[in-house]
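As a plain string of letters, each chain reads:
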Amino acid sequence: MDESGTHDQTGMQRGSEIAAIAGYVSTYKAWVRFQRAWRKVLRRFDVRVFHMVDHAQGVGEFEGWTKAKRDAFLPALTAVIDEHKLYGLGGMISVRDYDSVLPQPVKDETKHPYYFCLALLFRTLRQFKQAVPPGRIDFVFDRKKKFQGIAEEIFHGLKEHNPDHAQRLGEISFRAKDIFTPLQAADYLVYEVRRYASDQFYGSSRPTRKSMEALMRDRDLLVGYWDADDLREYARTRMEYFAAIKGKNEG
């Protein structure tokens with residue numbers, strides 16, 4: 001799993017209007033095969049580490065690429081993903097709605113849009129549990145030191161207090177994408193998902209990117225999204241809970 005759009009809690013900076021966490025789920029054996037195939041594509045195109053934002057902007061390792069080379073690269077990576085993944089999984093919110101709709105006590109509780117996306121990711125997994133093959137899932141997240149501690153607390157709290165999550169969630173770890181290759185596929189997916197959602201919910205006239213169309217082709221993306229109405233209802237229930245706790249303590 002990787003994140004995108006979490007750099008501004010108000011959603012006003014470019015690329016932060018939607019925050020998302022997303023990635024792929026597969027079997028251990030399939031991930032081993034995936035890594036061999038992915039690295040083969042990177043070697044063929046003379047790329048050391050794939051960063052989707054660098055590719056999109058034509059910088060870093062992708063500076064100076066011809067159009068033909070650029071047009072061939074993402075389909076080659078997409079083919080590797082299609083061959084080895086079981087499904088895509090994610091959670092995302094409008095950060096602008098998060099900032100404007102949630103009262104401060106609720107934002108103090110959730111702490112950051114990243115954690116809200118994380119909770120939506122696991123909620124989506126539980127919601128579609130019948131569509132997901134059985135078995136425990138070990139989650140590997142891109143290494144972000146400022147989020148890791150609380151993310152681990154959320155993960156283990158869900159395992160401890162929710163029977164569905166106790167049966168489904170395995171272990172959680174944080175790795176660097178230059179070492180753990182599957183995170184590069186998550187980087188690709190979360191970039192495309194966030195950009196697509198931003199276009200859809202903020203009225204862009206840009207056509208859907210061909211790369212996103214390819215990632216959606218198999219209809220196996222499970223990405224939860226909460227709009228402003230969902231956030232308002234969540235805020236209402238949390239504020240009622242806070243009021244009940246306060247009344248109990250005062251009583």
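For the structure, see preceding data.
If you're wondering where the values come from, they're calculated on a predicted model, not measured in any experiment.

Here is what the cut-offs are and how they apply
Residues numbered from 1 in each chain as written. Predicted model: local features only at pLDDT ≥ 70, side-chain atom pairs only at ≥ 80, totals over all residues. Heavy atoms only, no water. Helix = DSSP H or I, 4+ residues; strand = E, 2+ residues; numbered from the N terminus. Rg over C-alpha atoms; globule rule 2.2 N^0.38 Å. Buried < 20%, exposed > 50% of the residue type's maximum accessible area, 1.4 Å probe, protein only. Contact = heavy atoms within 4.5 Å. Areas by Shrake-Rupley, 256 points an atom, 1.4 Å probe, with all protein chains shown as cover. Lys, Arg positive; Asp, Glu negative; His and termini not counted. Charge placed at Lys NZ, Arg CZ, Asp CG, Glu CD. Expected span 1.5 Å × (residues − 1). Core = buried A, V, L, I, M, F, W, Y, C linked by side-chain atoms within 4.5 Å. Pairing = 2+ DSSP bridges. Phe/Tyr/Trp six-rings, centres within 6.5 Å; stacked < 30°, edge-to-face > 60°. Salt bridge = Lys/Arg side-chain N within 4 Å of Asp/Glu carboxyl O. Axes fitted to C-alpha atoms, helices over the stretch in contact; angles between N-to-C directions. Parallel < 35°, antiparallel > 145°, perpendicular 65-115°, else oblique. Nonpolar A, V, L, I, M, F, W, Y, C, P; charged D, E, K, R; others polar.

Caption draft 1: Here's a closer look at the overall build of the chain. Along its length, the chain carries 11 helices and 6 strands. Computed over its C-alpha atoms, the radius of gyration of the chain comes to 19 Å, within 12% of the 18 Å expected for a compact globule of 251 residues. Dimensions of the chain, computed from C-alpha atoms along their principal axes, come out at roughly 70 × 40 × 30 Å. For the chain, the proportion of its 251 residues judged to be buried stands at 48%. In the chain, once contacts between residues fewer than 6 apart in sequence are set aside, the share between residues at least 24 apart is 74%. Accessible surface computed for the chain: about 13300 Å², of which carbon and sulfur atoms make up 49%. In the chain, which carries 40 positive and 35 negative side-chain charges, the distance between the mean positions of the two groups comes to 5 Å.

Caption draft 2: Summary view of helix 3 (residues 67-84). An ideal rise of 1.5 Å per residue puts 26 Å on 18 residues; helix 3 measures up with 27 Å between its terminal C-alpha atoms. Buried within helix 3 we find Phe73, Leu74, Ala76, Leu77, Thr78, Val80, Ile81 and His84. Packed against the buried residues of helix 3 are strand 2 (18-25), helix 1 (28-44), helix 2 (52-57), helix 9 (182-201) and helix 10 (210-216).

Caption draft 3: Spatial organisation of the environment of Trp226. If you trace the backbone, Trp226 turns up in strand 6 (residues 221-226). Sequence separation between Trp226 and Glu171 is 55 residues; the distance between their C-alpha atoms is 26 Å.

Caption draft 4: Just the nonpolar core, in detail. Counting 36 residues, the largest nonpolar core has Leu89, Phe139 and Phe141 as its most contacted members. When residues of this core are assigned to their parent elements, the largest contribution, 9 residues, is made by helix 6 (residues 113-127). Tyr24, Met52, Phe62 and Val193 belong to the second-largest nonpolar core, a separate cluster that totals 31 residues.

Caption draft 5: Spatial organisation of the pairing of strand 4 (residues 137-142). Along strand 4, 5 of the 6 residues are buried, which leaves the element largely enclosed by surrounding structure. Sheet analysis places strand 4 next to strand 5 (residues 169-175), joined by 5 bridges and oriented parallel. Residue Phe139 lies in a different strand from strand 5, and its bridge partner there is Ile172.

Caption draft 6: Quick look at the packing of aromatic side chains. On inspection of all chains with the given rule, the structure shows 25 aromatic pairs. An angle of 25° between the planes, with centres 6.2 Å apart, marks the rings of Phe45 and Trp65 as stacked. In this pair, Phe45 is assigned in the loop between helix 1 and helix 2 and Trp65 in the loop between helix 2 and helix 3, connecting sequence segments 20 residues apart. There is no split in this pair, since Phe45 and Trp65 are both buried.

Caption draft 7: Spatial organisation of the pattern of salt bridges. The tally for this structure, following the rule as stated, stands at 19 salt bridges. Of the charged contacts, one joins Glu17 and Arg194 as a salt bridge, the two residues approaching to 3.8 Å between their closest N and O atoms. Placement of Glu17 in the loop between strand 1 (2-4) and strand 2 and of Arg194 in helix 9 is noted, with a sequence separation of 177 residues between them. The salt bridge partner of Glu240 is Arg236, with a shortest N-O separation of 2.7 Å. Separated by 4 residues within a single helix, Glu240 and Arg236 lie in helix 11 (residues 228-250), roughly one turn from each other. Taken together, the shared-partner salt bridges in this structure form one network comprising Asp2, Glu3, Asp142, Lys144, Lys177 and Asp187.

Caption draft 8: Region of interest: the packing of helix 1 against helix 9. With their axes 9 Å apart at the nearest point, helix 1 and helix 9 run at an angle of 75° to one another. Compared by their axis directions, helix 1 and helix 9 come out roughly perpendicular. On the side of helix 1, the interface is formed by Trp31, Phe34, Gln35, Trp38 and Leu42, while helix 9 contributes Pro182, Gln184 and Ala185. When its residues are assigned to classes, the contact of helix 1 with helix 9 shows 6 nonpolar, 2 polar and no charged.

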